[in-house]
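# Coordinate analysis (summary)
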Amino acid sequence: MEAELAALAASGATALVGHMVEESWTQARGRVARFFARRGGAEPPLEGELDESREDLLAARDAEDVEAAADVEAQWRARMRRTLRADPAAADELRSLLAELERDTGTVPGREVHNTITGDVHGPVVQGRTFHGLTFHTGAPGTAFGGAASEPPR
């Protein structure tokens, strides 16, 4: 059981740190603060700690300091692990929280970006950071990606 809680704490810390650099940070911060507050921590000071960790993480990323960024994640992994040890019932709530946060990182309506690639393209071109639910439509055999017949190279 200890290994399962350790893995869950690691997943929680990874998700938390991932949200610290995303647009979803404000919502994630509030949810995580409430998770800890229900276990005896005070919510407003915890939000301050979360914001400080975010600032440390952003500074580490700007400085390309991988070790400092890893320290931020390690701090929250240890805190989540202590919380789960003290209250094993919190594991189900943390799993639910992680599922909510994962859903929130999906495509936001009205925020899709469409690019046009021209030139000698022979396969899918993907640009971005995090992808969910990709589908590639490559046209019928013998056609280019735009649907026009391919010409053999000269």
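It should be noted that the structure appears before, not after, this text.
A brief report on the enclosed structure follows.

Reading guide: rules and limits
Within every chain, residues take consecutive numbers counted from 1 along the sequence as written. Predicted model: local features are reported for residues with pLDDT of at least 70 only, side-chain atom pairs are reported and counted for 80 or more only, and whole-chain, interface and lining totals are derived from all residues. Just so you know, side-chain values use all the structure's heavy atoms and leave hydrogens and water out. Only runs of H or I of at least four residues qualify as helices and only runs of E of at least two qualify as strands under DSSP, and these elements are numbered from the N terminus. Relative accessibility decides the category of a residue: with a 1.4 Å probe and only protein chains considered, values under 20% of the type maximum give buried, values over 50% give exposed, and everything between is partly exposed. A contact between two residues is defined here by any heavy atoms of the two lying within 4.5 Å. Residue exposure ignores everything except the shown protein chains as possible cover, and the areas themselves are Shrake-Rupley values with a 1.4 Å probe. Two rings belonging to Phe, Tyr or Trp (six-membered ring only in the last case) form a pair when the distance between their centres is within 6.5 Å. Interplanar angles under 30 degrees mark stacking, angles over 60 mark edge-to-face geometry, and anything in between is tilted. In this analysis, axes come from line fits to C-alpha atoms, helices being fitted only over the stretch in contact, and the angle between any two N-to-C directions falls in the range 0 to 180 degrees. An angle counts as roughly parallel when it lies under 35 degrees, as roughly antiparallel when it exceeds 145, as roughly perpendicular when it falls between 65 and 115, and as oblique in every other case. Should the near helix be turned counterclockwise from the far one by less than a right angle, the crossing is left-handed, whereas a clockwise turn marks it as right-handed. A pairing counts as a salt bridge when a side-chain nitrogen of Lys or Arg comes within 4 Å of a carboxyl oxygen of Asp or Glu. Put simply, buried Ala, Val, Leu, Ile, Met, Phe, Trp, Tyr and Cys residues joined by side-chain atoms within 4.5 Å make one nonpolar core. The span one expects for a helix is its residue count, reduced by one, times 1.5 Å. Throughout, the arc means the angular range of directions from the helix axis out to the C-beta atoms.

Counting its regular elements, the protein chain contains five helices and zero strands. Counting from the amino terminus, the protein chain carries its helices and strands in the arrangement α-α-α-α-α. In the protein chain, which comprises 154 residues, the share counted as buried stands at 24%. Excluding contacts between residues fewer than 6 apart, the proportion of contacts in the protein chain whose partners are at least 24 apart in sequence is 64%. Just so you have it, the protein chain exposes about 10400 Å², and 50% of that area is on carbon and sulfur atoms.

Turning our attention to the side chain of Arg 29. Tracing the chain through its elements places Arg 29 in helix α2 (residues 25-37). Residue classification places Arg 29 among the buried positions, given a relative accessible area of 18%. Residue contacts for Arg 29: discarding those within four places in its chain leaves Glu 47, Leu 50 and Asp 51.

All right, on to the packing of aromatic side chains then. In this structure the tally under the stated criterion is two aromatic pairs. Measuring from centroid to centroid gives 5.2 Å for Phe 35 and Phe 36, while their planes differ by 75 degrees, and the two rings are edge-to-face. Here Phe 35 and Phe 36 have matching classes, each one buried. Each residue in the set Phe 35, Phe 36 and Trp 76 is aromatic and connected to the rest through ring pairs, giving one cluster.

Following both chains from N to C, one finds helix α1 (residues 2-20) and helix α4 (residues 66-86) inclined at 135 degrees, their axes separated by 8 Å at the closest point. The angle between the axes of α1 and α4 places the two elements in the oblique class. For the pair α1 and α4, the sense of crossing is right-handed. Only Val 72, Glu 73, Trp 76, Arg 77, Met 80, Arg 81, Leu 84 and Arg 85 of α4 make contact with α1, whose side of the interface consists of Glu 2, Leu 5, Ala 6, Leu 8, Ala 9, Ala 10, Gly 12, Ala 13, Thr 14, Leu 16, Val 17 and Met 20.

This part is about the pattern of salt bridges. If the charged atoms of two oppositely charged side chains come close together, the side chains can form a pair. A complete count under the given rule lists seven salt bridges for this structure. Asp 51 is paired through a salt bridge with Arg 29; the nearest N and O atoms lie 3.0 Å apart. Placement of the pair is Asp 51 in helix α3 (residues 43-62) and Arg 29 in helix α2, with a sequence separation of 22 residues. By sharing partners, the salt bridges in this structure join Glu 4, Asp 92 and Arg 95 into a single network.

Position of Asp 71 among the secondary structure elements: in helix α4. Residue classification places Asp 71 among the partly exposed residues on the basis of a relative accessible area of 47%. Along the sequence, Asp 71 and Asp 56 sit 15 residues apart, while their C-alpha atoms lie 9.4 Å from each other.

Once that is clear, we can look at the nonpolar core. The nonpolar side chains of soluble globular proteins are, as a tendency, buried together. Counting 28 residues, the largest nonpolar core has Leu 16, Met 20, Phe 36, Leu 50, Trp 76, Leu 84 and Leu 94 as its most contacted members. Residue assignment for this core shows that the elements contributing at least two residues are α1, α2, α3, α4 and α5 (90-104). The element contributing the most residues to this core is α1, with seven residues. Ignoring anything within four residues of it in the chain, the contact list for Leu 84 reads Leu 5, Leu 8, Ala 9, Ala 90, Ala 91 and Leu 94.

Another point: α1. The first and last C-alpha atoms of α1 sit 27 Å apart over 19 residues, in line with the 27 Å expected at 1.5 Å per residue. Burial in α1 covers these residues: Leu 5, Ala 6, Leu 8, Ala 9, Gly 12, Ala 13, Leu 16, Val 17, His 19 and Met 20. Across the axial projection of α1, the buried residues extend over an arc of 165 degrees, all falling on one side.

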